[in-house]
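# Survey of secondary and tertiary structure
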Amino acid sequence: MRVLVTYGSKRGGTEEIARWLAQALREEGLDAEAAAPQDVGDISGYDAVIVGGSLYANRWHRDARRFVHRHARKLRERPTWFFSSGPLDASAADGDLPPTSQVRALMEQVRASGHMSFGGRLEADARGFLARSMAREHAGDWRDMAQIRCWAASLAEALALSGDVGPATRESEPHLPF
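The structure contained in this document is the topic of the report that follows. (Residues numbered from 1 in each chain as written. Predicted model: local features only at pLDDT ≥ 70, side-chain atom pairs only at ≥ 80, totals over all residues. Heavy atoms only, no water.)

### Focus: the packing of aromatic side chains
- Evaluated as defined, the whole model comprises 4 aromatic pairs.
- Ring centres 6.4 Å apart and planes at 70° place the aromatic pair F83 and W151 in the edge-to-face group. With F83 in strand β5 (residues 80-85) and W151 in helix α7 (residues 145-161), this pair connects stretches of sequence that are 68 residues apart.
- F83 gets classed as buried once you look at its relative accessible area, which sits at 0%.
- Three or more aromatic residues link up through ring pairs in this structure, and these residues are F83, F118 and W151.
- It is K10 that lies over the ring of Y56; its NZ or CZ is 5.3 Å from the centre. (Phe/Tyr/Trp six-rings, centres within 6.5 Å; stacked < 30°, edge-to-face > 60°. Helix = DSSP H or I, 4+ residues; strand = E, 2+ residues; numbered from the N terminus. Buried < 20%, exposed > 50% of the residue type's maximum accessible area, 1.4 Å probe, protein only. Lys NZ or Arg CZ within 6 Å of the ring centre and 35° of its normal.)

Spelled out as structure tokens, the structure:
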């Protein structure tokens, strides 16, 4: 079972989440890789796809949106999940945040199986007027590694239950290098 994890990321935080998800999926026994949308030519070689995007003012990153539009037909043919990153507080880890209306519409377009919101990251020295203004009060890293691992395990289980893969192999104590 080959799984693509792709992302739209402005400041690198969402890219890191995508890479951590791919690593966690590999530890669950899947052949997963993370790649930027512009580096993905054809998704025919993947059995499942996860598309992530950073959120800015409730808008999903342009690269993630373009990827979904470009591959919509093939995404409808395979298990597809979305994730968003961006809340600059603990709200994503505290509960299941629903996708924004824009992300929900994209999910409906490709019949995505589900969505997860992860906390975002904003460096104190962020560049750009808006980011610098936000960083004064909201600088920090709210990405929750346990939440990322848990979601990866649930995706691996869903794929195994769908009959597309054999039982996911688990190590007694998964270790992610981050």
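### Some remarks on α7
- End to end, α7 covers 24 Å across 17 residues, agreeing with the expected 24 Å (1.5 Å per residue, within 8%).
- Looking only at α7, the buried set comprises Q147, I148, W151, A152, A153, L155, A156 and L159.
- The backbone nitrogen of A146 lies 2.9 Å from a side-chain oxygen of the residue at the head of α7, namely D144. (Expected span 1.5 Å × (residues − 1). Polar contact = N/O pair within 3.5 Å; in protein donor to acceptor, adjacent residues only side chain to side chain.)

### A few points about the side chain of H61
- Its location among the elements puts H61 in the loop between β4 (59-60) and α2 (62-70).
- With residues up to four places along the chain from it excluded, the contact list for H61 reads G8, S9, K10, G53 and S54. (Contact = heavy atoms within 4.5 Å.)

### A short note on the pairing of strand β3 (residues 48-56)
- By the criterion of burial, β3 is predominantly enclosed, with 7 of the 9 residues buried.
- The pairing of strand β1 (residues 2-8) with β3 spans 6 bridges and is parallel. In the sheet register, G8 faces β3, and the bridge partner there is G53.
- With 6 bridges connecting them, β3 and β5 associate as parallel partners. Paired with I50 across the bridge in β5 is W81.
- By the bridge criterion, 2 bridges tie β3 to β4 in an arrangement that is antiparallel. By the bridge assignment, Y56 is partnered in β4 with R59.
- Hairpin remark: β3 followed by β4, antiparallel, with 2 residues in the connecting loop; positive phi at A57, about 50°. (Pairing = 2+ DSSP bridges.)

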